[in-house]
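Residues per chain are reported as follows:
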Amino acid sequence: MASPYEILGVDPDADEAEIVDAYRERVKETHPDQGGSTEAFLAVKTAFERIENGWEPGDAVPEDDIAGDPDAGTDAADGTTEPEQPPEPEGVKVEYLNYEVMADRLWELTDDDLFEKAADGGLAPEDYGEFYVRDSESLLEAAERQGYAWPFACRGGACTNCAVAVVEGEMPSPSSHILPKELHDRGIRLSCIVAPETDAKIVYNVKHLPAVQDLLLPASRFEASSTD
Ligand code: FES
C-alpha cells in the first residue's frame with residue numbers, strides 16, 4: 001500500500017508548496033477527462049486530503065483506503081470491478097467556469113444556458129467543473145484545495161485580481177473591499193474574501209472584464225502572487 005506521499009510523488013519532508021504543486025500535477029495526470037481513471041483520481045485526492053489532515057509518515061493507511069491501491073474497486077474473488085463510493089462532500093457546492101474560456105467561445109455572462117454549454121463543452125477540469133467550499137474557507141482557498149491556481153495578489157480584498165462573477169447563488173461580501181457598488185450589484189465578488197451561502201455558479205478570472213480591469217492593482221505590488 002503506497003503512502004499518501006508516494007501517491008503524490010513527493011518526499012515525506014516536502015513543504016506545503018511542494019505538496020500543493022505535486023497535487024496539482026497529479027490531479028491533471030489522473031483526471032478521467034485527461035486520460036486517467038476515476039480510481040487514480042480519487043486516490044490522488046484522498047492522499048492530498050490525508051496529508052492536509054495531518055497524516056504522518058509511519059501512520060497506518062486504512063485497509064479499505066483506495067489511495068495507493070492499484071486494485072481499488074476490484075473484487076479479488078472474481079475480478080469484477082465495483083463502483084467506488086466517493087466520500088460525502090462537505091460544504092457548499094460551487095460550479096465554476098474560466099472567463100478566458102468563456103470569452104474564447106464568444107459566450108456571455110448573461111447567456112441563460114452558459115453553464116449548460118460549459119458542461120457540454122468538453123472543457124479541461126481547471127476551466128470548468130465543481131467543488132465544495134467548506135465552512136472555514138474562502139472561495140479562493142477552496143479552489144486552491146482542489147489544486148487550481150486561480151488568480152490572486154493581495155488576498156485581502158484590495159486589488160481585484162481574484163474577481164469572480166456570481167451567475168447564480170448567494171455570496172455576500174464583507175463590508176471592506178475595493179469593489180464599487182455598481183460592480184457588486186452586477187454580481188462581481190472577490191474570491192479571496194467571500195464564500196457561498198448557497199450552491200452557486202460562478203465565472204472566475206473575470207479580472208479581464210473591462211470594468212474590473214480599471215480597478216486592478218498589479219500583482220507585482222504584492223509580495224505573494226500566483227498571477228501573471
Ligand atoms: S486577491 Fe486582491 S482582492 Fe482578492
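What you see is a predicted model, and the numbers here were worked out from it, not measured in a lab.

1. Here we look at the overall build of the protein chain
Then, in step 1: On a plain count of helices and strands, the protein chain comes out with eight helices and five strands.
Then, in step 2: Along its sequence from the N terminus, the protein chain presents helices and strands in the succession α-α-α-β-α-α-β-α-β-α-β-β-α.
Then, in step 3: Burial statistics for the protein chain: of 228 residues in total, 32% are counted as buried.
Then, in step 4: Taking all contacts inside the protein chain whose residues are at least 6 apart in sequence as the whole, residues at least 24 apart take part in 66%.

2. Comments concerning the sheet that holds strand E1 (residues 92-98)
Then, in step 1: Within the open sheet, the five strands sit side by side as E2-E1-E5-E3-E4. Their pairing is mixed. Strand pairing shows two members of the sheet lacking a second neighbour, strand E2 (128-133) and strand E4 (188-190), which therefore form its edges. When strand polarity is set aside, the average angle formed by the axes of neighbouring strands in this sheet is 35 degrees.
Then, in step 2: Where E1 lies against strand E5 (residues 200-204), five bridges are found, and the strand directions are parallel. Counted as the bridge partner of valine 94 is alanine 200 from E5.

3. Here we look at the nonpolar core
Then, in step 1: Core analysis: the biggest nonpolar cluster contains 38 residues, and Leu139, Val164, Ile202, Val203, Tyr204 and Val206 have the highest contact counts within it.
Then, in step 2: Sorting the residues of this core by element identifies E1, helix H4 (99-104), helix H5 (114-119), E2, helix H6 (139-145), strand E3 (163-168), E4 and E5 as the ones contributing at least two each.
Then, in step 3: Sequence-distant contacts of valine 206, that is, excluding residues within four places in its chain, are made with Tyr99, Ala163, Val164, Ala165, Ile188 and Val212.
Then, in step 4: Formed by 14 residues, the second largest nonpolar core is a distinct cluster that contains Leu8, Val20, Tyr23 and Leu42.

4. Focus on the pairing of E1
Then, in step 1: Among the seven residues that make up E1, five are buried, leaving the element largely enclosed by the rest of the structure.
Then, in step 2: Of the pairings in the sheet, the one linking E1 to E2 comprises six bridges and is antiparallel in character. Each bridged residue has a counterpart across the sheet, and for lysine 93 the counterpart in E2 is tyrosine 132.

5. Comments concerning helix H3 (residues 38-52)
Then, in step 1: Taking 1.5 Å of rise per residue, the 15 residues of H3 would be expected to cover 21 Å, and the 21 Å separating its terminal C-alpha atoms lies within 8% of that figure.
Then, in step 2: Where H3 is concerned, the buried positions are Glu39, Leu42, Ala43, Val44, Lys45, Thr46, Ala47, Phe48, Arg50 and Ile51.
Then, in step 3: Downstream of H3 by one or two residues, glycine 54 has phi in the positive range, about 100 degrees.

6. Side note on the confidence of the model for the protein chain
Then, in step 1: With 82% of its residues at a pLDDT of 70 or more, the protein chain shows a mean pLDDT of 83.
Then, in step 2: Taking the mean pLDDT of every element in the protein chain, the minimum, 79, falls on helix H2 (residues 16-30) and the maximum, 98, on E5.
Then, in step 3: The low-confidence segment residues 69-74, where pLDDT is below 50, has eleven contacts with residues more than four positions distant or belonging to other chains.
Then, in step 4: For the stretch residues 224-228, pLDDT sits under 50, and the model shows eleven contacts to residues farther than four places along the chain or on other chains.

7. What about unusual backbone geometry?
Then, in step 1: The phi dihedral of leucine 106 falls on the positive side, at around 60 degrees, and the residue is not glycine.
Then, in step 2: Tracing the chain through its elements places leucine 106 in the loop between H4 and H5.
Then, in step 3: Unusually for a residue other than glycine, arginine 155 sits at a positive phi of about 60 degrees.
Then, in step 4: Among the secondary structure elements, arginine 155 is positioned in the loop between H6 and E3.

What counts, and at which threshold
- Residues numbered from 1 in each chain as written.
- Predicted model: local features only at pLDDT ≥ 70, side-chain atom pairs only at ≥ 80, totals over all residues.
- Helix = DSSP H or I, 4+ residues; strand = E, 2+ residues; numbered from the N terminus.
- Buried ≥ 20, exposed ≤ 12 C-beta atoms within 10 Å, placed from the backbone.
- Contact = placed C-beta atoms within 7 Å.
- Pairing = 2+ DSSP bridges.
- Axes fitted to C-alpha atoms, helices over the stretch in contact; angles between N-to-C directions.
- Core = buried A, V, L, I, M, F, W, Y, C linked by C-beta atoms within 7 Å.
- Expected span 1.5 Å × (residues − 1).
- pLDDT = per-residue confidence, 0-100.

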